[in-house]
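# Chains, contacts and geometry: an overview
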Amino acid sequence: MAKRDYYEILGVNKGASSDEIKKAYRKMAIKYHPDKNPDNKEAEAKFKEAAEAYEILSNADKKARYDQFGHQAFEGGGGFNGGGMNMDDIFSQFGDIFGGAFGGGGFSGFGGGGQRRVKGSNLRIRVKLTLEEIANGVEKKIKVKRKVQAKGTTYKTCTTCHGSGQITRITNTILGRMQTAATCNVCHGAGQIIDKKPADADEQGLKFAEETVSIKIPAGVVDGMQLKVAGKGNEAPGNGISGDLLVAIEEDAHETLQREGDNLHYDLYVSLPDAILGTSKEIDTVTGKVRIKIEQGVQSGKILRLRGKGIPSINGYGRGDLLVHVNVWTPKTLNKQQREFFESMREDEHFTPKPESTDKSFFEKVKDMFS
């Protein structure tokens, strides 16, 4: 099933401010919160859907990419998605947005008494792609060094918060007794602390390990785009959830093709005899070489459009074109015989410029390129 528009999910327009987006998400999340809708799968789905929309629209960078590329900016299969969130993700990232709506600011439905599962830190890598890989999509296997729980590490219930992840304080005020809850400063909300750990583990019971991660990259990505592989960042201690692997796309320059959005440009140089007599030339495309016909009498500046030979749209709206720019190469040096020939042709009617009414100006050609 196709994903719904994030703005539609939260009931806001594209010009909504960050405060309006936050307010709309809070309203939706409270409405469909699992504490208010126990064992209601439809409400749980809407709760997750709203959190996914908020994760993107509340982040200026992600929101800009979504506005430009839609859902495809975050979806590449194999774990790529804009939200990809389970309940633990939501409670870990957005728990503070509910304030006192659920008994002192926690989520009583998961983790017990406000306990939250700590999330491991994200990892960031850059992946270089050729133009051919971008055009066709590719699966990359990348070695990643990430923190994992060391074998032999055990945890026990935090003695400060007794496993709740929160410390409750009661103070007397002129209005009466007031109860407040704060995240435990010992276990940082996890409800667990280290019991035993091997010598090579850090203070959280973690150590570095190298892992090969398979990354499926969709066709049409652009330089600077960031994709996410959920759960392939650093692990968290205890019963925490793993962070994510953030993959920044870097596009390698092609030897002969220039990219402009979904279109590609190719500079084709032809000799004067080939321009006069016509010929055929083999040129590069992202799917292999193709042979194109050059009509006799072709003019320098002519643009040949090969439809569908460009880059697929990241939004799935077809494919760009390959624009071949014909450049007639004029020799800079001539031998005596060649010079005498062209001297004799100076006044020949066949060599006198005669622009046709159908010939377009340079500015018209540029306009056509972007239309």
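Data block above holds the structure.
What counts, and where the lines are drawn
- Residues numbered from 1 in each chain as written.
- Predicted model: local features only at pLDDT ≥ 70, side-chain atom pairs only at ≥ 80, totals over all residues.
- Heavy atoms only, no water.
- Pairing = 2+ DSSP bridges.
- Helix = DSSP H or I, 4+ residues; strand = E, 2+ residues; numbered from the N terminus.
- Axes fitted to C-alpha atoms, helices over the stretch in contact; angles between N-to-C directions.
- Buried < 20%, exposed > 50% of the residue type's maximum accessible area, 1.4 Å probe, protein only.
- Contact = heavy atoms within 4.5 Å.
- Arc of directions from axis to C-beta.
- Polar contact = N/O pair within 3.5 Å; in protein donor to acceptor, adjacent residues only side chain to side chain.
- Phe/Tyr/Trp six-rings, centres within 6.5 Å; stacked < 30°, edge-to-face > 60°.
- Salt bridge = Lys/Arg side-chain N within 4 Å of Asp/Glu carboxyl O.

## Here's the deal with the sheet that holds strand β10 (residues 257-260)
Neighbouring strands of a sheet are bound in pairs by backbone hydrogen bonds; such pairs are parallel or else antiparallel. If you walk across this open sheet you meet the four strands as β10-β11-β15-β14, and the pairing is mixed. The two strands at the open ends of the sheet, each matched to only one other strand, are β10 and β14 (303-306). Across the sheet, the mean angle from the axis of one strand to that of its neighbour is 30 degrees, orientation sign disregarded. One ladder, built from four bridges, connects β10 with strand β11 (residues 263-271); its direction is antiparallel. From the neighbouring strand, L257 faces β11, where its bridge partner is Y266.

## Considering the environment of I194
Inspection of the secondary structure puts I194 in strand β6 (residues 192-196). Taking relative accessible area as the criterion, I194 reaches 23% and is therefore assigned partly exposed. As a C-alpha pair, I194 and G238 span 44 residues in sequence and 8.0 Å in three-dimensional space. Once residues lying within four places of it in the same chain are set aside, the contact partners of I194 are T153, T154, Y155, K156, E203, Q204 and G205.

## Re helix α4 (residues 60-69)
Residues of α4 that are buried: K62, K63, R65, Y66 and F69. One side of α4 carries all its buried residues, which in axial view fall inside an arc of 165 degrees. Counted as exposed and oriented over 90 degrees from the buried face of α4: A60 and Q68. Check the buried side of α4 and you find it contacts α1 (6-10), α2 (18-32), α3 (41-57) and β8 (226-229). N-cap assignment for α4: the residue whose side-chain oxygen lies 3.0 Å from the backbone N of D61 is N59. Following α4 by one or two positions, G70 has its phi on the positive side, about 70 degrees.

## Regarding the packing of aromatic side chains
Throughout the structure, instances matching the rule amount to six aromatic pairs. A ring pair is formed by F341 and F342, whose centres lie 5.1 Å apart and whose planes are at 75 degrees; its orientation type is edge-to-face. Overall, F341 belongs to the partly exposed group, its relative accessible area being 42%. Its relative accessible area of 32% is what places F342 among the partly exposed residues. Following the ring pairs from residue to residue traces out a cluster consisting of Y6, Y7 and Y66.

## Focus on the sheet that holds β8
An order of β1-β9-β8 is seen for the three strands of this open sheet, with the pairing classed as mixed. Each edge of the open sheet is held by one strand with a lone partner, namely β1 (123-129) and β8. Adjacent strand axes in the sheet meet at a mean angle of 30 degrees, parallel and antiparallel pairs treated alike. Across seven bridges, the pairing between β1 and strand β9 (residues 245-251) is parallel. Bridge pairing in β9 places I125 opposite V247.

## Re the environment of Q179
As for its placement among the helices and strands, Q179 is situated in strand β5 (residues 176-183). For Q179, a relative accessible area of 59% gives the class exposed. Put simply, Q179 and T168 are 11 residues apart on the chain and 6.9 Å apart in space, counted from C-alpha to C-alpha. The contacts of Q179, once residues within four sequence positions are left out, are T168, R169 and I170.

## Some remarks on the pattern of salt bridges
Pairing between side chains becomes possible if they bear opposite charge and their charged atoms approach one another. Summed over the entire model, instances satisfying the criterion amount to 23 salt bridges. Among the ionic pairs, E44 bridges to K48, the shortest N-O distance being 3.3 Å. Placement of the pair is E44 and K48 together in helix α3, with a separation of four residues, close to one helical turn. Using a relative accessible area of 26% as the deciding quantity, one classes E44 as partly exposed. Of the residues examined, K48 reaches a relative accessible area of 27% and is grouped as partly exposed. A salt bridge links R146 to E211, with the shortest nitrogen-to-oxygen separation between them at 2.8 Å. With R146 in strand β2 (residues 138-149) and E211 in strand β7 (residues 206-217), this residue pair connects regions lying 65 residues apart in the sequence. The exposure class of R146 is buried, given its relative accessible area of 4%. Relative accessible area serves as the criterion here: at 22%, E211 is assigned to the partly exposed category.

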